[in-house]
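# Overview (structure and organization)
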Amino acid sequence: MTSFFRMKNVKILHFPLLFVFVHPCFAYADFAPFFYDNGPYIYNGNLALFSLSEDTAVGTQIYCLNGTDPEGQEVRYGLSFDPGSKEYFRVDPKSGNITLVEQLDREKLDSIDVLVSITDGKSKVVERVTVFVMDANDEKPEFQNMPAIIDILETTESGSSIYNVEAVDKDTGSGGSVTYFLQNPQSTLFAIDRHSGVLRIKSGEMLDYEKTKTHFVTVIAKDGGGNLNGKEQFMASSATLTINVIDAQDTPPSFIGTPYFGYVYEISVPGSEIFTVLAKDGDVGNPNPIRYSFEDGDDDVFSINKTSGCIKLLSLPIYLKREIFNIKVKASEVSPEGRLMDSGTTTLVIRVVDLNNNPPTFYGENGPQNMFELTMYEHPPEGEILRGLKIIVNDSDQGANAKFNLRLIGPGRMLRVVPQTVLNEAQVTILVEDSAAMDYEKHHFLTYKLLAVEIDTPERFSATADIVIHLLDTNDNAPKFSSDYYIARIPENSPGGSNVVSVTAIDPDSGPWGDVKYSIYGSGADLFLIQTTSGIIYTQPWASLDAEVRSKYNFYVKAEDAEGKYSLAEVFVTVLDLNDHPPAFNDNFLEKTMVIGALVKIEAIDDDAEVPNNVIEYAIMKAEPDNNIFDIDADTGEIMLKSYIKSMAIIQNITKQRDCTWSLVVQARDRGKPSFSTTAVIKIDITEATQLSGGPLGSFLMHNRNKPLQILGMLAGVISLMVIVTVIISTATFMRNKKSNRVLPNRRVRRRPPKQPPWNFRNPFKVPETPGEKFRVEEDEPEVIVENVNYNNNVTDVVRHWPPPPCAPSLPPPNYIPGERQWAVPTVSATVAPKPRKKLNMNRQDTVNLALVSELKMRLEQKRMLKH
């Protein structure tokens, strides 16, 4: 009898059967064990209402299951979880001690369902309880909107709110409350409300773009503290807020590159450019245009461009009245409306000197030249001289005015120039410094500027010449695939010549060196071909792909240029399974024997390679003579009787027939698309579970009545074993008597008195006259005393008790028909106490004789059973 009920949060899932055993002398009942319910906040019982902190260490003993058995039997404890759930606890079956084996985390799982069980070996009680995970302060506050970057105008008023920081702590209680602080609050212009997280500019402080363009504010979020591993613990985290200050128009212009010095030479003419001043608005975030003018010291012999700041000479140098001019230059901001705003000033010193009038000049084979060209192959050896360039540099001045430096300006550091310092004249040599960088695929041509700049002259005259190098291509690159490997999928049964995948390799070299040819090879390439120019891989015309035979292929594809440079990539081809095989039974007609209460299983196999194509569902399509008898498990194919069918009588009442043979048409259908199915006819012979008159041998023969070879094999094995045992015993006896040189009887046999009733050995295969006859015990069981007469064997008297013959606890069911179904599977077992034995008056000789006779009778009976 099964019952379900609830107690608090404990679910009693199953209450086992109550077993009543009937004995000739007494009867007793077996009650199920039970747990002690000690209530909450108790660490022993049935684990009901138990709570556990999430910071409990793994390996800690957290609870002790406690229960008892009404009969006082030893109980064992068990613990399990729902399928797919993580197992957090382990229980000692004997002591009931529960140990934590997995780390808890309340933020992920705040309660755990556990099935606890108690058993006394016969009955088992299972209860579902819930263990609550209590919070510990183990989580740091997490910022929701940090780190962040914001822009603030530098004119923002003091005390203004500029940002609201948010942080969340997943813990509960005080551990979940958050307060905010600033790191190094004394050295910052900002303050934060510790409760709301609102960030403000400190009272009395102002932002200044010109001083600091960006501020980095580190905010600390701290929780209210809580218990963790038995100690008070505070958790905190930090994040940085980046504040960009936006510039406002509040700073005057400033001159760049001061102090300024200019020179007027003796051969200068009116309109000559003397110097150019440069000023920029101090508000660099949003600058205004600048207007230049003279304030003082120009003596009307110089002019300045209002927008560019270029200063020019207005008269010939011979009319200049001073050798040095200190000119005060003013730079003013111009508003969008054209109004002059803030301004700044600086002083320009102009000195009148003799002229250095000969700049450096480059010469080629045909005179002065400012363009030199050269054609060469890529990747020349490092240190090689570019001999195709013939360049001479010259400065016609003398002394310090003729000393200048040479520099080569261009991409990277591929080339360098020698010499680097020249006096008057020199031959220019250019050397290769980085050969690898001179790559045709990167640069078809290289452009450099050769610069000559005077060293010690105020004018710093200079000259430039362009050097253009045209590179020629070489075959210095191998083809390169777009990927190191390619993954392709193709359905099985695709026709020959189907495209599988297209591979691509590029050779950056020009001309025929850049043409790529493809080929494939490897153990998995037998079924595939590749187009040598396009890289399209397709199946052989005769190829037939079958996922059930082979679903994975891999091979290599080779890309090669005209000179044999190549690269490799690997191709992985997966053959996709199609639903092209229907399910199949081993036999379309099956015969099965079903015992009431047991299952009959059938099985079909689908040769498809993948799910769901090879997943089979079973269904009963038809059953005769009645459709309302059987159920079938759609997944496993297990056929069972309806739950209300408990005996043969119920079946006979439904069908109104005594014939218990059913024919079922069972369908096996796969889950592929399209779906295939097949059917089989199952002939099921239903029998009831009763005690067999033939004992274990009869049960074996009944179960294997359709397997004659297995029965013959078992009988042959038993006979062979008996022959071997007999030979061993005879050999041992012969060897012992041979050693003693005389034959001595091991026992003296004294026969039982005639009044002793003989044993009656019944044939187990004989059909009893009445159903209860096969369960009847007809005689008392004798007590046999064996006396050892060979005293040198040191064996004392042995009393051998022969077991009583088996006896069933009750008669067969009323509808049992003699002669039909003699071999049913036994399902009930019990023992019957023997009748009281009479005390036999035997001497030692009679006891020995009785023992020998009993052994002989037993062997004869065994042989008779084997023959039948």
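Bear in mind the structure is a predicted one, so any value in this text is a computation, not a measurement. (Residues numbered from 1 in each chain as written. Predicted model: local features only at pLDDT ≥ 70, side-chain atom pairs only at ≥ 80, totals over all residues. Heavy atoms only, no water.)

It is worth spelling out the overall build of the chain at this point. Scanning the chain for helices and strands turns up four helices and 64 strands. Across the 868 residues that make up the chain, the buried fraction comes to 38%. Considering only contacts in the chain between residues 6 or more positions apart, those separated by 24 or more positions represent 66%. Of the roughly 50,000 Å² of accessible surface on the chain, 53% is carried by carbon and sulfur atoms. (Helix = DSSP H or I, 4+ residues; strand = E, 2+ residues; numbered from the N terminus. Buried < 20%, exposed > 50% of the residue type's maximum accessible area, 1.4 Å probe, protein only. Contact = heavy atoms within 4.5 Å. Areas by Shrake-Rupley, 256 points an atom, 1.4 Å probe, with all protein chains shown as cover.)

Here we come to the packing of aromatic side chains. Inspection of every chain in the model, using the stated rule, returns 14 aromatic pairs. Among the aromatic residues, those joined into a ring-pair cluster are Phe255, Tyr260 and Phe275. Across from the ring centre of tyrosine 566, 4.5 Å away, lies the NZ or CZ of lysine 558, which sits over that ring. (Phe/Tyr/Trp six-rings, centres within 6.5 Å; stacked < 30°, edge-to-face > 60°. Lys NZ or Arg CZ within 6 Å of the ring centre and 35° of its normal.)

In this section: the sheet that holds strand 62 (residues 677-687). Two strands in a sheet stick together by hydrogen bonds in their backbones, pointing the same way (parallel) or opposite ways (antiparallel). Read from one edge of the open sheet, four strands run 55-62-61-58, paired in mixed fashion. Strands with a single pairing partner mark the edges of an open sheet, and in this sheet they are strand 55 (589-595) and strand 58 (616-624). Between one strand axis and the next, the sheet turns by 30 degrees as a mean value, whatever way the strands run. Sheet topology note: the strand 55/strand 62 ladder contains seven bridges and is parallel. Bridge pairing links threonine 593 to aspartate 685 in strand 62. (Pairing = 2+ DSSP bridges. Axes fitted to C-alpha atoms, helices over the stretch in contact; angles between N-to-C directions.)

Turning our attention to the pattern of salt bridges. Taken as a whole, this structure holds 14 salt bridges when the rule is applied. Ionic pairing is found between aspartate 135 and arginine 106, a salt bridge with its closest N-O pair at 2.9 Å. Pair noted here: aspartate 135 is in the loop between strand 14 (124-134) and strand 15 (142-143) and arginine 106 is in the loop between strand 12 (97-100) and strand 13 (111-119), with a separation of 29 residues, a long-range link. Classification of aspartate 135 as partly exposed rests on a relative accessible area of 22%. Note on arginine 106: relative accessible area 17%, which makes it buried. Between aspartate 631 and lysine 642 there is a salt bridge, with the nearest N and O atoms lying 2.6 Å from each other. Residue aspartate 631 is located in strand 59 (residues 630-632), and its partner lysine 642 is located in the loop between strand 60 (638-641) and helix 1 (648-655); the two are separated by 11 residues in the primary sequence. (Salt bridge = Lys/Arg side-chain N within 4 Å of Asp/Glu carboxyl O.)

Let us now look at the side chain of aspartate 606. Within the element layout of this structure, aspartate 606 appears in the loop between strand 57 (604-605) and strand 58. The charged side chain of aspartate 606 is buried without a salt bridge, its nearest counter-charge being arginine 669 at 10 Å. Setting aside residues no more than four positions away along its own chain, aspartate 606 makes contact with Asn579, His581, Pro582, Pro583, Asn613, Asn614, Ile616 and Asp670. (Lys, Arg positive; Asp, Glu negative; His and termini not counted.)

Moving on, we get to the environment of glutamate 378. Here glutamate 378 shows up in the loop between strand 37 (371-377) and strand 38 (391-394). Distance from glutamate 378 to methionine 438, taken between C-alpha atoms, is 5.7 Å for residues 60 residues apart in sequence. Setting aside residues no more than four positions away along its own chain, glutamate 378 makes contact with Met438, Asp439, Tyr440, Glu441, Leu471, Leu472, Asp473, Thr474 and Asp476. Within polar-contact distance, the side chain of glutamate 378 engages the backbone nitrogen of tyrosine 440 at 2.6 Å. A polar contact of 2.8 Å, which involves the side chain of glutamate 378, links it to the backbone nitrogen of threonine 474. (Polar contact = N/O pair within 3.5 Å; in protein donor to acceptor, adjacent residues only side chain to side chain.)

A few words on the environment of tryptophan 542. Position of tryptophan 542 relative to the elements: it lies in the loop between strand 51 (536-539) and strand 52 (552-560). For tryptophan 542, a relative accessible area of 58% translates into the label exposed. Sequence spacing of tryptophan 542 and leucine 527 is 15 residues, and the spatial spacing of their C-alpha atoms is 8.3 Å. Ignoring sequence-local partners within four residues, the contact set of tryptophan 542 consists of Asp526 and Leu527.

A one-sided burial pattern is seen for strand 51, the buried positions being Ile537 and Thr539 and the unburied ones Ile536 and Tyr538. Bridging between strand 47 (residues 499-502) and strand 51 involves three bridges; their strand directions are antiparallel. In the strand pairing of strand 51, asparagine 499 is matched with tyrosine 538. Bridge analysis of strand 50 (residues 528-530) against strand 51 gives three bridges, and the strand direction is antiparallel. By the bridge assignment, phenylalanine 528 is partnered in strand 51 with threonine 539. The turn linking strand 50 back onto strand 51 is made up of five residues, and glycine 535 within it adopts a positive phi angle of 80 degrees.

Attention now goes to the confidence of the model for the chain. Model confidence for the chain is summarised by a mean pLDDT of 77, while 78% of its residues fall at 70 or above. Confidence over residues 1-27 falls short of pLDDT 50; this stretch has 60 contacts with residues more than four positions distant or in other chains. The low-confidence segment residues 742-840 (pLDDT under 50) makes 163 contacts with residues lying over four places distant or belonging to another chain. (pLDDT = per-residue confidence, 0-100.)

Taken in spatial order, the three strands line up as 56-60-59 in an open sheet, and their pairing is antiparallel. Unpaired on one side and paired on the other, strand 56 (600-601) and strand 59 mark the two borders of the sheet. For strand 59 and strand 60, the ladder comprises three bridges, and the chain directions are antiparallel. Each bridged residue has a counterpart across the sheet, and for isoleucine 632 the counterpart in strand 60 is isoleucine 639.

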